[in-house]
Amino acid sequence: MSAGRRRLGRVWRRRGPLRTRLALSVTAAVALVAVGVCAAAYLVVRSALYEQLDLSLTQSARLAAQRNPGSAPGVLAGECRFLAAPACAEVVPADPADDPRPPGQLPVAPAAREVARGTKSPYYTNVTVAGHPARMLTTDYAKGRALQVALRADTVRDGIEEAARWLALTAAAGVLLAALLGYWVSRTGLAPVARLTATAERIAATRDARHRIELPPPGREDEITRLATSFNTMLDELEQSITAQRRLVADASHELRTPLTALRTNAELLARADRLTPEQRDRASTALGRQLREVTGLVGDLIELARDEEPQPLVEQVRLGTLVEHCAQAARTHWPAVPVHVRVPAEPVVVPGVPARLSRLLGNLLDNAAKFSPSGLPVEIELTAGTPGRGPQLTVRDHGPGISPQDLPHVFDRFYRAGTARALPGSGLGLAMARQIARAHCAELTAEPAPGGGALFRLAF
């Protein structure tokens, strides 16, 4: 049964509402303090009242011993059965055979005989005299005799009971106040958590990440406020991610619609190849192959953009100078009409990265530069080694029309194509992919107008 109760308590602590658990915890803590203070006050009052009564008994015993020195066993004063009467006093012998006849009204305990023999120290005790509560002191008196002095304790008992009643009422009021305080603390303290929960539930129900948690005014921040701020920041990131995803899907569908339509048209033409001349079949086949390559490249670029970070097992130390020479040679082969000039430092420049991805980044920059460079004008690549506090930099410059101020903020957006580039081949994903690869390698890719005309792309590690 005890194990079952403990198990039930653990389950309630895990599954009980947080507001209820917090309220009960605060109530229990404050109630424990209130009950403890009242209990301590009761003990202090009780001890103080008995201390005053014991002091009166000590004075009465001293007076009785002074007035009746060396008296024989028997009653010295016996009117303490009345509330306003002085203390009763009796002499008790060590040997019960010496007790007076008739015996006194105060009870004689074996401990009193020991005090009379001198083997026990004086002591106080609570007794009943004539049906009334009394306090009695047993102390040494003379050789072989002890003195017992008693006083009525009705007032002390009544005072203690009155104090106990008031302290019990105070403790009950403290427990009630603790319950109200616990409810208030749980309600006000967890209000931001309740708003956070309501916002999360509303987002889950509506799938709308634009909702935010209302924050308190500045200067009233606490841990819950920081949690709500972090949650709002997470919602901002989620909204941006959803917006970017929707924009990517919309742009991708828009970009794929034209080549897919052309593919379907050419496929339908080739399905009726018996009605076409050989020249028409060749043109349709060539167009179909070119459009298939465009769609394949576009889908591959989309897959590359969907990857947020580089695979760590493939990271190695890459010599940028060798990589630049290799990419420049590939660009010369692909764009024979555009000269590619390379300047690299004599000392090797090494950065951690994935060689294939860095080649893709530089290849995209070179393709973009060569695409806009007029025939005969060069594309210039320059690699500079890092300095203290600054990493290596790679720049790619063309001598084309450059980037207009209105296009400059959008050159790295997915599917964005400037007005001068709409007639050129490409999907508008190359620069977006280049920036993503750069950031995955802890580098920053920027674009700016080149001095004297053209565009300059700077990759800073």
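Residues numbered from 1 in each chain as written. Predicted model: local features only at pLDDT ≥ 70, side-chain atom pairs only at ≥ 80, totals over all residues. Heavy atoms only, no water.

J.: Describe a nonpolar patch on the surface, with residues and values.
T.: A cluster of nonpolar residues, Val30, Leu181 and Trp184, forms a patch on the protein surface that exposes about 270 Å² of accessible area. Along the chain, the position of Trp184 falls in helix H4 (residues 154–189). The exposed category is assigned to Trp184, whose relative accessible area is 53%. (Patch = residues over 30% accessible without salt bridge, like charges linked within 9 Å, V, L, I, M, F, W, Y side chains within 5 Å. Areas by Shrake-Rupley, 256 points an atom, 1.4 Å probe, with all protein chains shown as cover. Salt bridge = Lys/Arg side-chain N within 4 Å of Asp/Glu carboxyl O. Helix = DSSP H or I, 4+ residues; strand = E, 2+ residues; numbered from the N terminus. Buried < 20%, exposed > 50% of the residue type's maximum accessible area, 1.4 Å probe, protein only.)

J.: Before we move on, could you go through the sheet that holds strand S2 (residues 88–93) and cite the residues and values that matter?
T.: Taken together, the five strands give an open sheet; going across it, the order is S1-S2-S5-S4-S3, and neighbouring strands pair in antiparallel fashion. Every other strand in the sheet has two partners, leaving strand S1 (74–77) and strand S3 (123–129) as the edge strands with one partner each. Direction aside, the axes of adjacent strands within the sheet are offset by 30 degrees on average. Alignment of S3 against strand S4 (residues 132–142), held across seven bridges, turns out to be antiparallel. (Pairing = 2+ DSSP bridges. Axes fitted to C-alpha atoms, helices over the stretch in contact; angles between N-to-C directions.)

J.: For helix H8 (residues 320–334), give the residues involved together with the corresponding values.
T.: The end-to-end C-alpha distance of H8 is 21 Å, a good match for the 21 Å that 15 residues give at a rise of 1.5 Å each. Regarding H8, the residues found buried are Leu320, Gly321, Leu323, Val324, Cys327, Ala328 and Ala331. The buried residues of H8 occupy an angular sector of 155 degrees when projected down its axis, which confines them to one face. Opposite its buried face, H8 presents the exposed residues Thr322, His326 and Thr333, each directed more than 90 degrees away. (Expected span 1.5 Å × (residues − 1). Arc of directions from axis to C-beta.)

J.: Tell me about the sheet that holds strand S10 (residues 393–397), and name the residues and values.
T.: The five strands are arranged S7-S9-S10-S12-S11 in an open sheet whose pairing can be described as mixed. Each edge of the sheet is formed by a strand with only one pairing partner; in this case those strands are strand S7 (340–343) and strand S11 (444–449). Here the average twist between neighbouring strands, direction ignored, is 15 degrees. Those strands touched by H8 are S7, strand S9 (379–384) and S10, and its axis lies near 175 degrees from that of S7. Against the sheet, helix H9 (residues 355–372) touches S9, S10, S11 and strand S12 (455–460), its axis set at about 25 degrees to S10. (Contact = heavy atoms within 4.5 Å.)

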